Amino acid sequence: MGKIIELKKVNKWFDKFQVLKDIDLDVAPQEKIVICGPSGSGKSTLIRCINRLEEHQEGNIVVDGTELSESTKNIEKIRAEVGMVFQQFNLFPHLSILDNCTLAPIWVKKLPKKDAEEIAMKNLTRVQIDDQALKFPGQLSGGQQQRAAIARALCMEPKIMLFDEPTSALDPEMIKEVLDVMVDLAKGGMTMIVVTHEMGFAKEVADYMIFMDEGKIVERAKTKEFFENPKSERTKLFLSQIL
Amino acid sequence: MNLIVKPSKENIKTFVPIGLSLVFLSFFDVFLNAFFNLNLMAFLPPQLSYFLPLILGLIGFYLIRIEFSGVRSLDILNKNINSNNFNALLTLFTIFIIIKSIPPMLDWFILEANFVGNSKDDCTGDGACWVFIKVWFNRFMYGLYPDAEQWRINTAFLILFAVVGVSFFVSEKLKKYFILFLVFVFPFLGIKLISGGSFGLEYVESAAWGGLSLTFIISAFAILFCFPIGVILALGRRSSLPAIRYISIGFIELWRGVPLITVLFMSAVMFPMFLPDGTFIDKLIRVLIAITLFEAAYMAEVVRGGLQALPKGQYEAAKSLGMGYWRMNALIILPQALKLVIPGIANTLLALVKDTPLIFVVGLMELAGMIGLAKTNPKWLGMAMEGYVFAGLVFWIICYAMSRYSQNLEKKLSTER
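Bear in mind that the values here come from a model prediction, so they are computed numbers and not experimental data. (Residues numbered from 1 in each chain as written. Chains lettered and ligands numbered in written order. Predicted model: local features only at pLDDT ≥ 70, side-chain atom pairs only at ≥ 80, totals over all residues. Heavy atoms only, no water.)

### Describing the overall build of chain B
- Secondary structure assignment for chain B yields 16 helices and one strand.
- For 417 residues, the compact-globule estimate of 2.2 N^0.38 gives 22 Å, and chain B exceeds it by more than 25% at 30 Å.
- Taking the principal axes of its C-alpha atoms as reference, chain B extends roughly 90 × 70 × 45 Å.
- The long-range fraction of contacts in chain B, counting pairs at least 24 apart against all pairs at least 6 apart in sequence, stands at 66%. (Helix = DSSP H or I, 4+ residues; strand = E, 2+ residues; numbered from the N terminus. Rg over C-alpha atoms; globule rule 2.2 N^0.38 Å. Contact = heavy atoms within 4.5 Å.)

Listed below in structure tokens is the structure:
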């Protein structure tokens, strides 16, 4: 089966501190991968390398057949195909929810405004905030904002979605509404890489679990095996603490 | 203030009327004194009569200082201007000073001032000689621009005001074209109309331009150009490319470190020496470029403040959607950053308008310069006060209008509710 994301021997340093050490990772289309690990283990940095919000210094990253390098053209092409959802939502506060969703399709994909709005409304309906389309981000609750951010990413019709701790900044009550949207997205066949501590969500949708510590992938296993029979001691310790 | 009875809710019915009449009596005394030179208390010893309004007022304020009186207007009054003896004293002083200063101001500006006449000899009163402004008004507006051609300046400004006025009432779509016209077409059309030299219009050299119209022309052009240059410099200073970054830093720090008056002087005197023989750049254009670049350096730092205030997440979100550098800045970053620094931008632009009089060092006479020239006219000596009060008033009106506009803009663009 072809791989949509391939990382080979990826190394990255922040000054002298090595954040990623020899990361190898393959993702097939439609696969869902959940990355977990203690804070500072490099999991956010890893997925941020996939759309080049962070630069890697060694190794290769190939996304959908395009190699990530200095070439700005390649980077923009990959970013348009890879949607990203942030911990802090990062909606554009000066634009309405609808404009947040249509901006990139209109200016990057050059869609006519009418088509972009149609796609936006479709995605806003999918995350169930179509009634908030004309409001500004500041008027929405945290859960609604995060769902709007997911809709905004979906409007670029990406092949891959990256989630960087999407529920960590939310009240417990709002976590569920966001996870429901993500489950629905997973069932729709989207390729997803999710950094999260929500193990219930991981058990429900993940094909593979990845456990990272100190910049290395410590364990990679099928979800069931990962939770029932983890191999490394570090993973066992981590799971015993968060489950 | 050791009165036997303390004002309270029980005796409000007697204390408030007495207190209020004492306060009004004190105001009335000062009023009569200031406006009609009457002293009701003249029968008292002079020291006492001098301080009597203050004492009466203080006692009055003490009597009406009743907490939770149940009368809303009294509570508001007490809370704001009468919360303790010291504040009551300050209130009285402020009101007395205002009352006292009205008559002399009124005298100078209007009652004793002269409005009719054609020469200094017609000014016989003790007040201002507004005849000076009236006689020189044309020069203050148009400088040395020939009288017969002044309709050209009027037409240019009329077109400007008409277009701006109409643009408030047209739809968003049309508005775009109005703004494009105002920014890209009108400035050059207007300058051509005023300078002439073609279309059968007589050429008027820029040395003859002056007065308030020159203030407007220089301010408008400098604002128009310094803004985009400032934005580019601000972006340049934050660029990841070292060459662009250092050029921007160097430019900003160079211009910010030099007084405007020096820059203007250099532009007029030194700069032509470096030009090859035979080339000539109009003095006004050189001055305009100097002011524009000078203010652009300030503008750049204001805009950079806004850029730095934006969270990193905004950049990352824009990038993650596939936007390149220019689209990210134009659509996401600058709209937010500029909105944040509207007060700073207004500040810089106001300073720019008020800096225009400095062009006198190169011999250009805008409003203040023209007044400076007029007051040295042998027939009109001693008119500095009238002239500069007039200039101050005009500049204040311009600047206050700009300030109000910036506040409106801030309100209109605010999306954080």
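### Digging into the sheet that holds strand 7 (residues 160–164) of chain A
Residues and elements named next belong to chain A.
- An order of 6-7-8-3-9-10 is seen for the six strands of this open sheet, with the pairing classed as mixed. Strands at the two margins of the open sheet, each flanked by one partner only, are strand 6 (82–85) and strand 10 (216–222). Sheet twist, expressed as the average angle between the axes of neighbouring strands with direction ignored, equals 15 degrees.
- Where strand 3 (residues 32–36) and strand 9 (residues 208–213) come together, four bridges link them in parallel fashion. Residue pairing for strand 9: Ile35 is matched across the bridge by Ile210. (Pairing = 2+ DSSP bridges. Axes fitted to C-alpha atoms, helices over the stretch in contact; angles between N-to-C directions.)

### Regarding the sheet that holds strand 5 (residues 66–67) of chain A
All names here are of chain A.
- Here we have four strands laid out as an open sheet, ordered 2-1-4-5, and antiparallel in their pairing. If you trace the sheet from one side to the other, it starts and ends with strand 2 (17–27) and strand 5, each paired once.
- Alignment of strand 1 (residues 5–14) against strand 4 (residues 58–63), held across five bridges, turns out to be antiparallel. Directly across from Glu6, in strand 4, lies its bridge partner Val62.

### With respect to the nonpolar core
- In this structure, A:Leu7, A:Ile35, B:Phe140, B:Ile291, B:Leu307 and B:Met323 are the most contacted members of the largest nonpolar core, which totals 124 residues.
- Per element, the largest residue contribution to this core is 13 residues, and it comes from helix 11 (residues 283–309) of chain B. (Core = buried A, V, L, I, M, F, W, Y, C linked by side-chain atoms within 4.5 Å. Buried < 20%, exposed > 50% of the residue type's maximum accessible area, 1.4 Å probe, protein only.)

### Observations concerning the pattern of salt bridges
- Using the criterion set out here, one finds 23 salt bridges over all chains in the structure.
- As a salt-bridge pair, B:Lys312 and B:Glu316 come within 3.6 Å of each other at their nearest N and O atoms. Residue B:Lys312 and its partner B:Glu316 are both found in helix 12 (residues 312–320); the two are separated by four residues, about one turn of the helix.
- Since its relative accessible area comes to 60%, B:Lys312 is described here as exposed.
- The network of salt bridges with shared partners includes A:Lys12, A:Arg48, A:Glu54, B:Lys312 and B:Glu316. (Salt bridge = Lys/Arg side-chain N within 4 Å of Asp/Glu carboxyl O.)

### Here we look at the domain arrangement of chain B
- Along its sequence, chain B is organised into domain 1 (12–111) and domain 2 (130–145 + 204–413).
- Here the C-alpha centroids of domain 1 of chain B and domain 2 of chain B sit 47 Å apart. (Domains from an automatic or database assignment.)

### Focus: the confidence of the model for chain B
- For chain B, mean pLDDT is 87; residues scoring 70 or higher make up 98% of the total.
- Here the predicted complex scores 0.84 on pTM and 0.92 on ipTM. (pLDDT = per-residue confidence, 0-100.)

### A word on helix 10 (residues 260–274) of chain B
Residue and element names in this part refer to chain B.
- Between the first and last C-alpha of helix 10 there are 20 Å, a value that for 15 residues agrees with the 21 Å anticipated at 1.5 Å per step.
- Along its length, helix 10 shows its largest kink, about 45 degrees, at Ser267.
- Burial in helix 10 covers these residues: Leu260, Val263, Leu264, Ser267 and Ala268.
- Structurally, helix 10 contributes buried residues whose contacts are with helix 9 (242–256), helix 11 and helix 14 (342–355). (Expected span 1.5 Å × (residues − 1). Bend = angle between axes of the 7 residues up to and from the residue.)

### As for the state of the cysteines
Residues and elements named next belong to chain B.
- Tallying each qualifying case throughout the model produces one disulfide over all chains.
- Two residues share a disulfide in this structure: Cys123 and Cys129, whose sulfurs sit 1.8 Å from each other. Between Cys123 and Cys129 the sulfur-sulfur dihedral comes to about 55 degrees; the bridge is accordingly right-handed. Of the two residues, Cys123 and Cys129, neither departs from the other in class, the shared state being buried. (Disulfide = S-S within 2.5 Å.)

### Notes on the environment of A:Gln139
Residues and elements named next belong to chain A.
- Looking at where Gln139 falls in the secondary structure, it is placed in the loop between helix 4 (113–126) and helix 5 (142–154).
- Among the residues examined, Gln139 registers a relative accessible area of 36% and is labelled partly exposed.
- In the structure, Gln139 is positioned 78 residues away from Ile217 in sequence and 40 Å away in space, judged by C-alpha atoms.
- At 2.7 Å, the side chain of Gln139 and the backbone nitrogen of Phe136 are in polar contact. (Polar contact = N/O pair within 3.5 Å; in protein donor to acceptor, adjacent residues only side chain to side chain.)

### A look at the packing of aromatic side chains
- The tally for this structure, following the rule as stated, stands at 22 aromatic pairs over all chains.
- Aromatic side chains A:Phe211 and A:Phe238 sit 4.9 Å apart centroid to centroid with 45 degrees between the ring planes, which places their arrangement in the tilted category. Of this pair, A:Phe211 sits in strand 9 while A:Phe238 sits in helix 9 (residues 233–242), and the two are 27 residues apart along the sequence.
- Look at A:Phe211 and you get buried, because its relative accessible area is 0%.
- An aromatic cluster is defined as three or more aromatic residues linked by ring pairs; in this entry it consists of B:Phe132, B:Phe137, B:Phe140, B:Trp380 and B:Phe390. (Phe/Tyr/Trp six-rings, centres within 6.5 Å; stacked < 30°, edge-to-face > 60°.)

### Some details on the layout of surface pockets
- In this structure, the second largest pocket encloses a volume near 1200 Å³.
- In terms of lining residues, the second largest pocket is bounded by 29 residues, among which A:Arg79, B:Ser240, B:Lys319, B:Tyr325 and B:Met328 are the most central. (1 Å grid on protein atoms, 1.4 Å probe; cavity = no way out; pocket = protein on both sides within 12 Å on 5 of 7 lines; lining within 4 Å. Points joined across faces, edges and corners; volume = space filled by probe spheres on them.)

### A word on the packing of helix 1 (residues 12–36) of chain B against helix 4 (residues 85–111) of chain B
Residues and elements named next belong to chain B.
- At a minimum axis separation of 8 Å, helix 1 and helix 4 run at an interaxial angle of 25 degrees. Here helix 4 runs roughly parallel to helix 1, going by the angle between their axes. At the point where helix 1 passes helix 4, the crossing takes the right-handed sense. Contacts from Ser26, Phe27, Val30, Phe31, Asn33, Ala34 and Phe35 in helix 1 reach Leu92, Ile95, Phe96, Ile99, Lys100, Ile102 and Pro103 in helix 4.
- The class makeup of the residues in the contact of helix 1 with helix 4 is 11 nonpolar, two polar and one charged. (Parallel < 35°, antiparallel > 145°, perpendicular 65-115°, else oblique. Left-handed = near helix turned anticlockwise from the far one by under 90°. Nonpolar A, V, L, I, M, F, W, Y, C, P; charged D, E, K, R; others polar.)

### Let's talk about the packing of helix 5 (residues 130–142) of chain B against helix 15 (residues 367–375) of chain B
Residues and elements named next belong to chain B.
- For the pair helix 5 and helix 15, interaxial distance at closest approach is 10 Å and the crossing angle is 130 degrees. For the element pair helix 5 / helix 15, the angle class is oblique. Considering how the two elements wind past one another, helix 5 and helix 15 form a crossing that is right-handed. Contacts from Phe132, Trp136, Arg139 and Phe140 in helix 5 reach Leu367, Met370, Ile371, Ala374 and Lys375 in helix 15.
- Among the residues making up the contact of helix 5 with helix 15, the classes are represented as seven nonpolar, no polar and two charged.

### Quick word on the interface of chain B and chain A
- Contacts between the two partners involve 21 residues from chain B and, on the opposite side, 25 residues from chain A.
- With both chains or domains summed, chain B and chain A bury close to 2000 Å², and 61% of this area falls on carbon and sulfur atoms.
- Three residues stand out in chain B for area buried against chain A, namely B:Ser320, B:Leu321 and B:Arg327, and they jointly supply 28% of the buried area on that side.
- One salt bridge connects A:Arg48 with B:Glu316, and the closest N-O pair in it is separated by 2.6 Å.
- Taken together, the links from chain B to chain A amount to six residue pairs in polar contact (both at pLDDT 80 or more).
- Going through the elements one at a time, helix 12 and helix 13 (325–340) of chain B are the ones with two or more residues in the side of chain B that touches chain A.
- When residues in the side of chain B that touches chain A are grouped by element, the largest group, eight residues, is from helix 12 of chain B.
- Taken together, the residues of the side of chain B that touches chain A sort by class into seven nonpolar, seven polar and seven charged. (Buried area = accessible area lost by both parts, 1.4 Å probe.)

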